[in-house]
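Each chain, letter by letter, is given below.
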Amino acid sequence: MSTRTGRKVGTPQGVVGTSPLRPDGIPKLQGRFEYAQDLAAEGMLWAATVRSPHARARIASIDIAPALAIGGVHACLTADDVPGRATFGLEHPDQPVLAAQEARFWGEPVAVVAAEDLDTARRAAAAIEVGYEPLEALTDPEEANRRDEVFRRMRIRRGDQSVRGAVVVEGEYEVGMQDQAPLGTEAGLAVPDGQGGVDLYATSQYVHVDQEQVVASLGLRPDQVRSHPTGIGGAFGAREDVNLHIHLCMLALHTGRPVKMVYRRSESFTGHVHRHPAWLRYRHEADRDGRLVRVEASVVLDGGAYASTTSAVLANACYFAVGPYTCDSVAVDGVGVRTNNPPCGAMRGFGAVQVCFGYESQMDRLAHALEMDPLTLREINALETGHPLATTGQVIQTPLPTVEVIKSLQAMPLPEAGPSDLPTELPGGSGLTSEPQHVTRGVGYALGIKNLGFSEGSDDYAQARVRITDSGAVVETAAIEVGQGLVTVLAQIARSALGISHVEVAHVDTSKIDSAGSTSASRQTQVSGGATLEAAQRLRERILGQFDGDVLDDEGVWRGDTLVTPWTALAAGDWEETVTFRHPPTTMTDDNGQGVAHADFAVAGHRAVVDVDVELGLVKVLRVDTAQDVGLALNPQSVRGQIEGGILQGVGLAVMEELVMGEGVILNPTFTDYLLPTILDAPEVEALLIEQEGSWGPYGAKGVGEPPTISSTAAVAAAIRAASGREIERVPVRPQDIALP
Amino acid sequence: MMKLRFASPEMLVDINEIPDLDYHRVDDDGTIRVGAVCRHADLERSSLLDTRQPTMAAAAPLVADPIVRMRGTLVGSVCHADPQGDWASVMTALDASIIAQGPNGRRSIAVRDFVLGPFQNALAFDEIAVEAVVPTPRGMPAGGYLKLERRVGDYATVGVAVAIDRVGSQVGRAGIALTAVGPATIAADAAAQKLTGRPLTADNIGEAAELAAEAAQPKSDHRGSADFKRQMVRVFTSRILTGLLRSEEEAA
């Protein structure tokens, strides 16, 4: 037994509050990281999907014989081959695994094939003869609303509905359909286990809910399907819904061979849900001092052909329709309509993004009408801890530093007056399109708010296990790393709680651990992080109790200066702790939309600086500075990474990212035509992290993934408005909206 | 063409190894010759073009992106005959020709006759394009090229090439051609005609811009509405010519 003299308690490395190197960082940079696209198995077949070329059509016949006649084709499966439940869905199972009598959106899967190689699979898919009888497609959301083709209606009434203000501003706003555009397309591998079961490795944000849906549609017992976390090249909400998962498992069980499928880019654009396009109508009323006395809003979201998460996205849009402001007389009506457009669902910001563009445009309009500084108006109305949310009336219990966000933005220095002397810094960039004399500058502000974690009474939980190993400890979880840094932050939490440096995170499949819930709603750091913290704390207490120690470090258990249990002895024991963490309960709201719908909130603000060539309609987003409520930054570098990436996605929605629809058909399903911001379009970002204790997340941390995307779009739009004098009632702002309003 | 899946040829002939086709040069009489393997990047970095052919100098750095400019060629771009291609407009505005070579020798085809339609050119099956020839200017060459992209690296929403030769205070020759606003590159001859044989003035710049806009045949698509594209033709024509007028006035 060794002793120590004057030895300080070992300080573990890589704990919370630091920014240790990501375990997946260097492999990703070096191209060694295994993404779902890289999966392979001995004897593997390749799969391809037959998709409807119509937004709506009756399927009169499907002839698979020509495909089966091609050498090397092992299976062609249609709706008739789905062994179990014919439909799937994240919240409501309303979407056919394969379209049967009717195809309801352009790109809907109708059949799947498996063949010896990819080319053969695609040739076979093309050879399948589907007899379509095109039907009239419902693509106008207003018409769908009139026909009562809806997934959900929301009605919120709070306070005295007769209140009127001295100053009134009204507006109508529109948000185009943004795509998550993950660089890694949908991909997966299903491996039959030889006993009627299957192992699925596929792009996912939520393996347990995939597994449930595969089990249902394959008609198997839950223990026969194991869904494994795998390497994800971007998610942003696109990986919540099932797409190729059931197809792969069907093909694998049908052929008895491992089957792989990777979507092409154009398939990816139809193979996952999109951000809901939105049509918003607002009426804000204020007194002459700028206090909001009444807000009325109408929200229409196009859910597309199937439910996905439209109900929850609509709820979010309505609950956050007033933004981070207090108001005691509120009326919000919302509808998520069913059309023959592509299904829409989860995307970073989840409904809060669309309404933010509406309410922040309104706040600027109101400031203008009151001849008031726009930030002053926001400060006067700021929603803070202790206030009721304007819509649901839920009193905010956790820290909500809205005023500090506003004051931080006010204090941030503005860049030098422009435009730049560098031609590549002007609108049009290295296209050298503009000249300084044609350029005007604008500055715009926006604030946004969103819930953290699942809402409306859903049982939101995450399980994590912390286990002692030979080298330290491992955190086992089914929570998905999508690039945000979860594997890093869970290890940091465990290191801090255990007091040791050597902690790794291991992803385990659905048979080995209970659900961690979805990697969405900015929730994993708080929820899986909470489970990890509690498991690690309990494990440490049990170990110290067992050995009557007072300190645990990488060497083992210490009592005073004496190492009473070296690590090797600890590792020989069977030390593990499994915890299921639940955040504070929420409830479904009542008929007036009142109730405690949310577990936690985060607020952020953005200031955008843009240069605009008004005659050409070209915009250069120079800077987007931000202050964000983060609770506690467990990994400051990852937090900044989320902020910068989220802002870029917000800039994308502000000025270029849109799926353009024509009668239900996506007209630009390629990266040639669907524009993503590149590094040349990335603004400079100064990010101020506002830390306040009091959230229920581990060490007071809040989720940080979504707030950067919520108000950055509205801030850029406001800056364009300031530079151009145009009303800017729609995002993305297209050149023609500025040049030819 | 292969990338666009328009063609899947059984055999490809690589002309990269043919010696001495990578040149661009200015003959004593001012004629500019660009070999078939001369890269966009060679033209972008060329010290010859700034003064001898400003329209080409303006267009060279705007072609595609830096990676494409390292491998792609002017002659190849004209042969590709993409209505969104930049060089076909520039060459049309300059009244340039393509030299085709086949078993029966060489022939010269004016670029405006060479581009037949989208992705279609006038080469016979047994010919290759070996050179682009920009004729001797009839005075001091001036001009510019402007292109609107929704985002850097996107295909052109609209492009306008303007080339004039100044003779004293007069415009001796003018060419205007339009990118991406029709099924093929468009020669805006009426607009150019408006400028020829008189001095540049704000008035005739306005008239030329209007005529150029009229010559455009844009379609509405995800890059912009037809009205917007037409307006951009107007603005670009006006901006380029106004810039030339300003530099003329500054020089005077």
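Since the model is a prediction, treat every value here as computed from it, not as a measurement. (Residues numbered from 1 in each chain as written. Chains lettered and ligands numbered in written order. Predicted model: local features only at pLDDT ≥ 70, side-chain atom pairs only at ≥ 80, totals over all residues. Heavy atoms only, no water.)

This part covers the overall build of chain B. Across its full length, chain B holds ten helices and eleven strands. In terms of overall dimensions, chain B has a C-alpha envelope of 55 × 45 × 30 Å along the principal axes. Here chain B holds 252 residues, and the buried ones make up 52% of them. Taking the intrachain contacts of chain B between residues at least 6 apart in sequence as the baseline, contacts between residues at least 24 apart amount to 60%. Surface summary for chain B: the accessible area is close to 11300 Å², and the carbon and sulfur share equals 52%. Once the 27 positive and 32 negative side-chain charges of chain B are each reduced to a mean point, those two points are 4 Å apart. (Helix = DSSP H or I, 4+ residues; strand = E, 2+ residues; numbered from the N terminus. Buried < 20%, exposed > 50% of the residue type's maximum accessible area, 1.4 Å probe, protein only. Contact = heavy atoms within 4.5 Å. Areas by Shrake-Rupley, 256 points an atom, 1.4 Å probe, with all protein chains shown as cover. Lys, Arg positive; Asp, Glu negative; His and termini not counted. Charge placed at Lys NZ, Arg CZ, Asp CG, Glu CD.)

All names here are of chain A. In total, this model carries 66 salt bridges over all chains according to the counting rule given. The residue Arg465 makes a salt bridge to Glu476 at a minimum N-O spacing of 2.8 Å. Here Arg465, found in strand β19 (residues 461-468), pairs with Glu476, found in strand β20 (residues 473-477); they are eleven residues apart in sequence, far enough to count as distant. Given a relative accessible area of 13%, Arg465 falls into the buried group. For Glu476, a relative accessible area of 10% puts it in the buried group. Two residues, Arg538 and Glu577, come together in a salt bridge whose shortest N-O distance is 3.6 Å. (Salt bridge = Lys/Arg side-chain N within 4 Å of Asp/Glu carboxyl O.)

Looking now at the domain arrangement of chain B. Interface size is commonly expressed as the accessible area that is lost once the parts come together. All names here are of chain B. According to the domain assignment, chain B contains domain 1 (24-134) and domain 2 (140-251). Taking only C-alpha atoms, the centre of domain 1 and the centre of domain 2 are 19 Å apart. If you look at the interface, domain 1 gives 26 residues, while domain 2 gives 25 residues. Between domain 1 and domain 2 the total buried area reaches about 1900 Å² when both faces are included, carbon and sulfur atoms providing 55% of it. Area buried by domain 1 at its contact with domain 2 is led by Pro83, Gln84 and Ala93, which between them contribute 29% of it. The interface formed by domain 1 and domain 2 contains three salt bridges. Measuring nitrogen to oxygen at the nearest pair gives 2.8 Å for the salt bridge that ties Asp189 to Arg112. Counting across the interface, domain 1 meets domain 2 through eleven residue pairs in polar contact (both at pLDDT 80 or more). When residues of the side of domain 1 that touches domain 2 are traced back to their parent elements, those giving at least two are α2 (49-52), α3 (54-59), α6 (86-93) and β5 (115-117). (Domains from an automatic or database assignment. Buried area = accessible area lost by both parts, 1.4 Å probe. Polar contact = N/O pair within 3.5 Å; in protein donor to acceptor, adjacent residues only side chain to side chain.)

Quick look at the interface of chain B and chain A now. Contact with chain B, which involves 23 residues of that partner, is made by 29 residues of chain A. Interface area for chain B against chain A, summed over the two sides, is near 2100 Å², with a carbon-plus-sulfur share of 60%. By the criterion of area lost to chain A, the three top residues of chain B are B:Arg151, B:Val152 and B:Arg239, representing 33% of everything that side buries. The interface formed by chain B and chain A contains three salt bridges. The shortest N-O distance in the salt bridge between B:Arg239 and A:Asp613 comes to 2.8 Å. At the surface where chain B touches chain A, the tally comes to nine residue pairs in polar contact (both at pLDDT 80 or more).

Residues and elements named next belong to chain A. Within helix α6 (residues 245-255), eight of the eleven residues are buried, which leaves the element mostly enclosed by the surrounding structure. Along α6, the positions that sit buried rather than exposed are His245, Ile246, His247, Leu248, Cys249, Met250, Leu251 and Ala252. Gly256, located one to two residues past α6, shows a positive phi value of around 70°.

As for its position among the elements, A:Thr510 is in the loop between β21 (503-507) and α13 (524-547). Classification of A:Thr510 by relative accessible area gives buried; the value is 12%.

All names here are of chain B. It is the contact of helix α9 (residues 202-215) with helix α10 (residues 226-251), at a shortest axis distance of 8 Å, that shows an interaxial angle of 150°. Compared by their axis directions, α9 and α10 come out roughly antiparallel. The handedness of the crossing between α9 and α10 is right-handed. Only Arg230, Val233, Arg234, Thr237, Ser238, Leu241, Thr242 and Leu245 of α10 make contact with α9, whose side of the interface consists of Ala202, Ile205, Ala208, Ala209, Glu210, Ala212, Ala213 and Glu214. A class-by-class count of the residues in the contact of α9 with α10 yields nine nonpolar, three polar and four charged. (Axes fitted to C-alpha atoms, helices over the stretch in contact; angles between N-to-C directions. Parallel < 35°, antiparallel > 145°, perpendicular 65-115°, else oblique. Left-handed = near helix turned anticlockwise from the far one by under 90°. Nonpolar A, V, L, I, M, F, W, Y, C, P; charged D, E, K, R; others polar.)

A word on empty space enclosed by the protein. A water-sized probe, rolled over the atoms, reveals where empty space remains. Residue and element names in this part refer to chain A. In total, this model carries two cavities of 30 Å³ or more according to the counting rule given. Lining the largest cavity are 18 residues, and of these Phe88, Gln95, Val242, Asn243 and Gly271 lie nearest its centre. Within the lining of the largest cavity, the residues separate by chemical class into nine nonpolar, seven polar and two charged. Taken as a whole, the second largest cavity holds about 30 Å³ of empty space. Around the second largest cavity, the lining residues are Ala47, Ala48, Thr49, Leu118, Arg122, Met261, Val262 and Glu267. Looking at the lining of the second largest cavity, the elements that each hand over two or more residues are β1 (45-51), α3 (118-127) and β14 (259-262). (1 Å grid on protein atoms, 1.4 Å probe; cavity = no way out; pocket = protein on both sides within 12 Å on 5 of 7 lines; lining within 4 Å. Points joined across faces, edges and corners; volume = space filled by probe spheres on them.)

Attention shifts here to the side chain of A:His276. Residues and elements named next belong to chain A. Mapped onto the elements, His276 comes out in the loop between α7 (265-271) and β15 (278-286). Here His276 falls in the buried class, since its relative accessible area comes to 0%. A polar atom in the side chain of His276 sits 3.4 Å from the backbone oxygen of Cys344. Excluding residues within four positions of it along the chain, His276 makes contact with Leu301, Asp302, Gly303, Thr310, Val313, Cys344, Gly345 and Gln354.

This paragraph deals with the nonpolar core. In terms of nonpolar packing, the biggest core is built from 95 residues, with A:Tyr282 and A:Val716 touching the most fellow members. Among the elements that take part in this core, helix α9 (residues 352-370) of chain A stands out by supplying ten residues, more than any other. Those residues in contact with A:Tyr282 that sit more than four places away from it in its chain are A:Val169, A:Glu170, A:Gly171, A:Tyr173, A:Val295, A:Glu296, A:Ala297, A:Ala321, A:Val355, A:Gly358, A:Tyr359 and A:Gln362. Formed by 44 residues, the second largest nonpolar core is a distinct cluster that contains B:Val37, B:Ala96, B:Ala100 and B:Ala129. (Core = buried A, V, L, I, M, F, W, Y, C linked by side-chain atoms within 4.5 Å.)

Further remarks concern the pairing of strand β2 (residues 32-35) of chain B. Residue and element names in this part refer to chain B. When strand β1 (residues 24-26) meets β2, the two strands line up antiparallel, connected through three bridges. Across the sheet, Arg25 pairs through a bridge with Arg33, a residue of β2. Counting the residues between successive antiparallel strands, the hairpin from β1 to β2 contains five residues, one of them, Gly30, with a positive phi of roughly 95°. Sheet topology note: the β2/strand β7 (residues 128-134) ladder contains four bridges and is antiparallel. Across the sheet, residue Val34 finds its bridge partner in β7, namely Ala132. (Pairing = 2+ DSSP bridges.)

As a further point, take the domain arrangement of chain A. All names here are of chain A. Under the domain assignment used here, chain A contains domain 1 (2-33 + 461-582) and domain 2 (395-454 + 592-741). Taking only C-alpha atoms into account, the centre of domain 1 sits 35 Å from that of domain 2. Listed by partner, the interface residues are 26 residues for domain 1 and 25 residues for domain 2. Across the domain 1/domain 2 interface, buried area totals approximately 1700 Å², and carbon plus sulfur atoms make up 58% of it. Across the domain 1-domain 2 interface, the total number found is zero salt bridges. Elements supplying a minimum of two residues to the side of domain 1 that touches domain 2: α12 (486-498) and α13. Each residue belonging to the side of domain 1 that touches domain 2 can be placed in one class, and the counts come to ten nonpolar, 14 polar and two charged.

Here we come to the sheet that holds β7(B). Within a sheet, neighbouring strands are paired by backbone hydrogen bonds and run either parallel or antiparallel to one another. Residue and element names in this part refer to chain B. Spatially, β1-β2-β7-β3-β4 is the arrangement adopted by the five strands of the open sheet, whose pairing is antiparallel. Each end of this open sheet is capped by a strand with a single partner; those strands are β1 and β4 (105-110). Taking the axes of each pair of neighbouring strands and ignoring which way they run, one obtains an average angle of 20° across the sheet.

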